Amino acid sequence: MSLTKHINILDYTLLSLLRRKFRNAGIILVFSLVICITGSVLLLTYAFKREAVLVLGNVPELIVQKMTAGRHELIPVSLGEEISRIPGVSGVEPRYWGYYFDSFTKANYTVVTPGGRLSEGNKLLQGRLPSAEEKGVAAIGGGIARTRFLGIDDDLALFSPDGKLRNFRVVGIFQAPSELLTFDLIVIGKGDLQELFSLPPGIATDLVVGVRNETEAPVIARKIRERIPDSRPILRREIIRTYDAVFSWRSGLILTLFAGALAAFAILAWDKATGLSADERREIGILKALGWETSDILEMKFWEGVAISLTSFFLGILAAYAHIFFFDAALFAPALKGWSVIYPRFHLVPFIDPYQIATLLSLTVIPYIASTIIPSWKAAVTDPDEVVRG
Amino acid sequence: MPADTIISTSGVTKYFNRGRPNEVLAVNGVTFAIRKGDFSVLKGPSGSGKTTLLSLIGCMTRPTAGSVVVAGRDASHLPERFLAEIRRKTFGFIFQQFHLIPGMSVLQNVMIPLYPTDSTLPDLKRRAAALLDSLDMSKRAAFPVQGLSGGEQQRTAIARALINDPDIILADEPTAHLDTALSKDFMEIMKGFRDKGKTIVIASHDPLVFEDPAVGLIVGMRDGSLTELKRRG
Amino acid sequence: MLLHPGIIGLIIGSGLTLLLLFSSALLGMQILRKWDITSSSELQLSLERKTYLVSTLVQYALLFQVISAFLFIYTADDMHNLLVGAMCATGSLNANPYGFPALYAQIVTLFLAAAWISLNRIDNRAEDYPLTRKKYSLLFLILPAVTAGYVLQLTYFGSIDPDVITSCCGVLFSEGGAGLGSSLSSLPVRKTEIVFGLLYLLVIVSGLLAARSGRRPFTLLLSASSALFFFGAIASVITFISLYFYQMPSHHCPFDILQSGYYYVGYPLYATLFAGSFFGVMTGAVEPFRKIPSLAAVIPAVQRRWALTATVAITLFVILSIVPMVFTPFTLEGY
Ligand SMILES: Nc1ncnc2c1ncn2[C@@H]1O[C@H](COP(=O)(O)OP(=O)(O)OP(=O)(O)O)[C@@H](O)[C@H]1O
Ligand SMILES: [Mg+2]
């Protein structure tokens, strides 16, 4: 079995595509745009999912919150003792953290105490972390440093609920592979945090429950609910699942909305291919009269589809990649993230795999190719006899 | 039937649009044979069915009835796939309108019939260049075909018909678009091929063609039927 | 659940495969009813032209089906984050009773479509198209497989319930569990290795003999042995081959080798296995067509080429699967 014939037909196809370069360039342009937009949605979704996994890698296996009237409440530290009596629990630790709304930058900051796992895994760009007992000092995320023009040894001013202004000396600035995590983070001592949020003593934001065997976490969570009915145990897996579902769902929704555009494109492709010009018909008739077989013409049409869709695919996916990872999803970051003014300056970790490629192929190239089958066949069965009479 | 018969038809009939109001009987029960090395002309008035008979012989269309045997192979019932193969291996076609593909160079046009085969492209190019050289066309090889003169277009079409080294050359009204001098040139070229052992079939109502002394077999047609079958010389 | 990008891709991608195969079956029915190779009527001519459409449709469907099959596995794999207890595609596929059957239906579709294309290739080489009836009847066999694949796949995704704890390869393919998967992984490693080696030997011997002589007993033997080898090889991938790639004594997942972490070794591995087994089986499957006069000259040459292809592909598969056994210190001795 020789490949020569197929290479020759491919060669002829490329020649013939080049002859109609303007028309083909138009199709490639529109097609790459479709692929770029679809690809951007996909790349962004998966980048977010990965980001979530990176972020949640630091989240404890099991957290217990207190619920009142269906809302998250502060939890008494004393509940920890009861929980630690459950078999399989290795320890319980209170966590102190909260959100601070900064009316100056219109952004929400996450304020935590050191030692909590949130601040553990992240590298400091400069300086050091404050210790839990220290007062009047803070480490801050890169986003806050940028928006408030803060450097080491500058003062970070925050208002406590009673309206008093408190100053913290910046002793550290975070950097992280994934900026989503530390972007809006402020780390201050435990005493400072209790004062900043006016937390009464003996009360924590939530409790971190250490579990001896990871697979038993769901069982322990159930027992906690049984013993403390107004508690809400949160499993890390559950958070990951929620994130995952939300991101997939959102991008699914966008893609569905976008399906209309895809369909329109498929119709365009169909139209382009069916509206076989007189020139093209003549060319195919000549080829057939000269000894090309119907299946050779079909092969030529196949190569034509491959050449056009692969070119568009590469252009489209390169553009999507640049859009998401170099230009920070400038086109639709607001739609997907939405709620914080700092977020548009984040960088996602570049990531692409065969799954995304297969999905993108199914969403774009397969409909395109499918819509060209019948027109190609119609062209291929052109009667050579018609051409001979001129 | 003599042993050196290369094309024979028997009662070959072709209807267009059979069974519809616009039904046409283009070829009506034609029986004749062409021998290897014959220089033959199908002649007849316009609409007499010359082109249709030529494309039946050339396996471009299947007869409604009767049979066409080419080089010992009955082509009348073959599926299209095999007809294409016969066309490619046995025939060289020169069309009335030349039918060169615009936008491509002379060389590429000449190469077309052999693309769907196992000859490599460099090999194909070499063959095409050699053919163009033999027809004094090598200086035009890289030209796009739309800029050529009528005579040059025809030489390109001839080179294309010969690239597969066919046994039979079929030409439909080859002199219709040429002046007298170029028409004579064309006949000279054809004689050259006949002398090399090729079989030539030309459909034409140009006296310059069918009165040429080199023509050995004249097939006259009218209204789709055979009116004259004359062997000369 | 259905608003997941991968699932939308599948609905469109394999939906189109289904559409193509359905149209080709409809055309096939027309062709079957009116086909008369001896006629030169315009009807016959138009039917003949439709055969080109059918073969084009099936060829594109096969191409799409390959992409969809991978997409299905990937999407299942991606689902594992949503499912308690699932750690990889195995766990996700196991989340409800439709997962694995959907996968099997897709694989069957792949094989049938490929078989159709091979038959078509052979048929097109004989002037009287002797296999026309068989060919177009085979289309009706593909139809239930591809429909089942599509419906099962949608049912599978539609009924995924994130709250049900599923068993993953850890459980499904672990030594202690019940069910087909775990009975595969709990096959004794040594014995499986020996059976794998013996089956390979059988394939090699019958393959080389069939490739040399193209004679009947050898082609039939090659068919049987490559079919056995296919199942043996899948069992071996689960029992021991994958473990060498993962370097873990209890990770029996046949899908994780498709991931970047393992250098995508799963692709060449499954490609060679599928191609090798397919051509091996086909070598003997076309044996009855030798009796057809117009194919008598065609078939033996084709059989010999297929036998050689099968032997080479399966050998590549075996080489790929023993590379990590030879070149890494990891060992399954004692497991
Ligand atoms: N595709 C077709 N459909 C219908 N009628 C056709 C078709 N092709 C040819 N005919 C008819 O068949 C008859 C013979 O046509 P043909 O082209 O063979 O004549 P010709 O001898 O080559 O004429 P000319 O000298 O004008 O080229 C004509 O009446 C023509 O109108
Ligand atoms: Mg004419």
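Residues numbered from 1 in each chain as written. Chains lettered and ligands numbered in written order. Predicted model: local features only at pLDDT ≥ 70, side-chain atom pairs only at ≥ 80, totals over all residues. Heavy atoms only, no water.

## Focus on the overall build of chain C
Here's step 1: Of regular secondary structure, chain C possesses 11 helices and zero strands.
Here's step 2: Put simply, chain C runs from its N terminus to its C terminus through helices and strands in the order α-α-α-α-α-α-α-α-α-α-α.
Here's step 3: Looking at chain C as a whole, 56% of its 335 residues qualify as buried.
Here's step 4: For chain C, the proportion of contacts with a sequence separation of at least 24, taken over those separated by at least 6, is 74%.
Here's step 5: On chain C, roughly 13400 Å² of surface is accessible, and the fraction owed to carbon and sulfur atoms is 71%. (Helix = DSSP H or I, 4+ residues; strand = E, 2+ residues; numbered from the N terminus. Buried < 20%, exposed > 50% of the residue type's maximum accessible area, 1.4 Å probe, protein only. Contact = heavy atoms within 4.5 Å. Areas by Shrake-Rupley, 256 points an atom, 1.4 Å probe, with all protein chains shown as cover.)

## Some thoughts on the overall build of chain A
Here's step 1: Scanning chain A for helices and strands turns up 14 helices and 14 strands.
Here's step 2: Looking at the 390 residues of chain A, the share that counts as buried comes to 56%.
Here's step 3: Counted over contacts in chain A with a minimum sequence separation of 6, partners at least 24 positions apart contribute 79%.
Here's step 4: When the accessible surface of chain A is totalled, it reaches about 17200 Å², and 63% of it is carbon and sulfur.

## Looking at the site of ligand 1
Here's step 1: Of all residues adjacent to ligand 1, which total 15 residues, the nearest are Arg389 of chain A together with Ser46, Gly47, Thr51 and Thr52 of chain B.
Here's step 2: The local environment of ligand 1 is shared, drawing residues from chains A and B.
Here's step 3: The fraction of the free accessible surface of ligand 1 (640 Å²) that becomes covered by protein chains is 69%.
Here's step 4: Residue assignment for the shell around ligand 1 shows that the elements contributing at least two residues are strand 2 (24-35) and helix 1 (50-57) of chain B.
Here's step 5: Examining the composition of the shell around ligand 1, we find that three residues originate from one element, helix 1 of chain B, more than from any other.
Here's step 6: Class assignment of the residues belonging to the shell around ligand 1 gives a composition of four nonpolar, eight polar and three charged. (Near = heavy atom within 4 Å. Nonpolar A, V, L, I, M, F, W, Y, C, P; charged D, E, K, R; others polar.)

## Digging into the interface of chain B and chain C
Here's step 1: The interface is formed by 13 residues belonging to chain B together with 13 residues belonging to chain C.
Here's step 2: Roughly 1200 Å² is buried in total at the junction of chain B and chain C, and carbon and sulfur atoms are behind 38% of that figure.
Here's step 3: Contact with chain C buries area across many residues of chain B, yet Arg62, Glu80 and Arg81 of chain B alone supply 46% of it, more than any other trio.
Here's step 4: With its nearest N and O atoms 2.3 Å apart, the salt bridge here joins Arg73 of chain B to Glu127 of chain C.
Here's step 5: Taken together, the links from chain B to chain C amount to eight residue pairs in polar contact (both at pLDDT 80 or more). (Buried area = accessible area lost by both parts, 1.4 Å probe. Salt bridge = Lys/Arg side-chain N within 4 Å of Asp/Glu carboxyl O. Polar contact = N/O pair within 3.5 Å; in protein donor to acceptor, adjacent residues only side chain to side chain.)

## A word on the pairing of strand 14 (residues 231-235) of chain A
All names here are of chain A.
Here's step 1: With respect to burial, strand 14 is a largely interior element, four of its five residues being buried.
Here's step 2: When strand 1 (residues 62-68) meets strand 14, the two strands line up antiparallel, connected through five bridges. The residue bridging Val64 from the neighbouring strand is Pro233, located in strand 14. (Pairing = 2+ DSSP bridges.)

## Description of unusual backbone geometry
Here's step 1: Phi is positive for Phe149 of chain A, which is not a glycine, with a value near 55°.
Here's step 2: Locating Phe149 of chain A in the fold gives a position in the loop between helix 5 (142-147) and strand 9 (155-159).
Here's step 3: Within the chain, Asp165 of chain B stands out as a residue other than glycine whose phi angle is a positive 50°.
Here's step 4: Checked against the element boundaries, Asp165 of chain B lands in the loop between helix 5 (150-162) and strand 7 (168-172).

## Quick look at the interface of chain C and chain A
Here's step 1: On the side of chain A, 38 residues touch chain C, which itself brings 36 residues to the contact.
Here's step 2: Around 3300 Å² of area is buried between chain C and chain A when both sides are counted, 71% of it from carbon and sulfur atoms.
Here's step 3: Where chain C packs against chain A, one counts zero salt bridges.
Here's step 4: Applying the counting criterion to the chain C and chain A interface returns three residue pairs in polar contact (both at pLDDT 80 or more).
Here's step 5: At the level of secondary structure, the elements contributing two or more residues to the side of chain C that touches chain A comprise helix 1 (5-34) and helix 2 (42-79) of chain C.
Here's step 6: Tallying contributions element by element places helix 2 of chain C first for the side of chain C that touches chain A, with 14 residues.
Here's step 7: Of the residues belonging to the side of chain C that touches chain A, the class tally is 22 nonpolar, nine polar and five charged.

## A closer look at the sheet that holds strand 5 (residues 73-74) of chain B
Residues and elements named next belong to chain B.
Here's step 1: In spatial order, the strands read 2-1-4-5; together these four strands make up an open sheet with antiparallel pairing. The outermost strands of the open sheet, each flanked by one partner alone, are strand 2 and strand 5.
Here's step 2: Packing against the sheet, helix 1 makes contact with strand 1 (5-16), strand 2 and strand 4 (65-70), and its axis sits at approximately 55° to strand 2. (Axes fitted to C-alpha atoms, helices over the stretch in contact; angles between N-to-C directions.)

## Structural notes on helix 13 (residues 354-380) of chain A
Residue and element names in this part refer to chain A.
Here's step 1: Here helix 13 spans only 34 Å end to end across 27 residues, well under the 39 Å set by a 1.5 Å rise per residue.
Here's step 2: The largest bend in helix 13 amounts to roughly 40° and is located at Leu361.
Here's step 3: When you tally the buried positions in helix 13, you get 23 out of 27 residues, the bulk of the element. (Expected span 1.5 Å × (residues − 1). Bend = angle between axes of the 7 residues up to and from the residue.)

## Section: the sheet that holds strand 8 (residues 199-203) of chain B
Residue and element names in this part refer to chain B.
Here's step 1: Taken together, the six strands give an open sheet; going across it, the order is 6-7-8-3-9-10, and neighbouring strands pair in mixed fashion. Each edge of the sheet is formed by a strand with only one pairing partner; in this case those strands are strand 6 (91-94) and strand 10 (225-231). Adjacent strand axes in the sheet meet at a mean angle of 15°, parallel and antiparallel pairs treated alike.
Here's step 2: When strand 7 meets strand 8, the two strands line up parallel, connected through five bridges.

## Considerations on the domain arrangement of chain C
Residue and element names in this part refer to chain C.
Here's step 1: Parsing chain C into structural domains produces domain 1 (1-165) and domain 2 (168-335).
Here's step 2: The largest contributions to the domain 1 side of the interface with domain 2 come from Thr90, Phe111 and Ile122, which together make up 25% of the buried area.
Here's step 3: Counting across the domain 1 and domain 2 interface gives zero salt bridges.
Here's step 4: Broken down by secondary-structure element, the contributors of at least two residues to the side of domain 1 that touches domain 2 are helix 2, helix 3 (89-93) and helix 4 (99-123).
Here's step 5: Looking at the side of domain 1 that touches domain 2 element by element, the count peaks at 10 residues for helix 4.
Here's step 6: Classifying every residue of the side of domain 1 that touches domain 2 gives 20 nonpolar, five polar and four charged. (Domains from an automatic or database assignment.)

## Looking at the confidence of the model for chain C
Residue and element names in this part refer to chain C.
Here's step 1: Here chain C averages 86 in pLDDT, and 88% of its residues register 70 or above.
Here's step 2: Across chain C, the element-wise mean pLDDT spans from 47 in helix 6 (residues 169-172) up to 94 in helix 10 (residues 266-285).
Here's step 3: In the model, residues 174-178 has pLDDT below 50 throughout and makes 10 contacts with residues more than four positions away in sequence or in other chains.
Here's step 4: Reported confidence for the predicted complex is 0.93 by ipTM and 0.83 by pTM. (pLDDT = per-residue confidence, 0-100.)

## A closer look at a nonpolar patch on the surface
All names here are of chain C.
Here's step 1: Taken together, Leu208, Leu308, Val312, Leu316, Ile319, Ile322, Val323, Val326 and Phe327 make up a surface patch of nonpolar side chains, about 820 Å² in accessible area.
Here's step 2: In terms of residues, the nonpolar patch owes the most to one element, helix 11 (residues 298-327), which gives eight residues.
Here's step 3: Structurally, Val323 can be placed in helix 11.
Here's step 4: Owing to a relative accessible area of 37%, Val323 belongs among the partly exposed residues under this scheme. (Patch = residues over 30% accessible without salt bridge, like charges linked within 9 Å, V, L, I, M, F, W, Y side chains within 5 Å.)

## A word on the environment of Val318 of chain C
Residues and elements named next belong to chain C.
Here's step 1: Note on placement: Val318 falls in helix 11.
Here's step 2: C-alpha separation for the pair Val318 and Leu273, spaced 45 residues apart in sequence, amounts to 8.7 Å.
Here's step 3: When neighbours within four sequence positions are excluded, Val318 is seen to be in contact with Phe196, Tyr200 and Phe229.

## Side note on the packing of aromatic side chains
Here's step 1: Within the structure shown, the criterion is met by 38 aromatic pairs over all chains.
Here's step 2: When the ring of Tyr200 of chain C is compared with that of Phe229 of chain C, the centres are 6.5 Å apart and the planes differ by 50°; the resulting orientation is tilted. Note that Tyr200 of chain C is positioned in helix 8 (residues 189-213) and Phe229 of chain C in helix 9 (residues 216-246), a separation of 29 residues in sequence.
Here's step 3: Accessibility expressed as a relative area gives 18% for Tyr200 of chain C, which makes it buried.
Here's step 4: A centroid spacing of 6.4 Å and a plane angle of 90° characterise the contact between Tyr270 of chain C and Phe274 of chain C, whose relative ring orientation is edge-to-face. Of this pair, Tyr270 of chain C and Phe274 of chain C both sit in helix 10, four residues apart, which is roughly one turn of that helix.
Here's step 5: What makes Tyr270 of chain C buried here is its relative accessible area of 14%.
Here's step 6: In this structure an aromatic cluster arises from ring pairing among Phe111, Phe230, Phe231, Tyr270, Phe274, Phe278, Phe279 and Trp306 of chain C.
Here's step 7: Lying over the aromatic face of Phe210 of chain B, Lys43 of chain B brings its terminal NZ or CZ to 4.6 Å of the ring centre.
Here's step 8: When the ring centre of Tyr129 of chain C is taken as origin, the NZ or CZ atom of Lys135 of chain C, which lies over that ring, is 5.9 Å away. (Phe/Tyr/Trp six-rings, centres within 6.5 Å; stacked < 30°, edge-to-face > 60°. Lys NZ or Arg CZ within 6 Å of the ring centre and 35° of its normal.)

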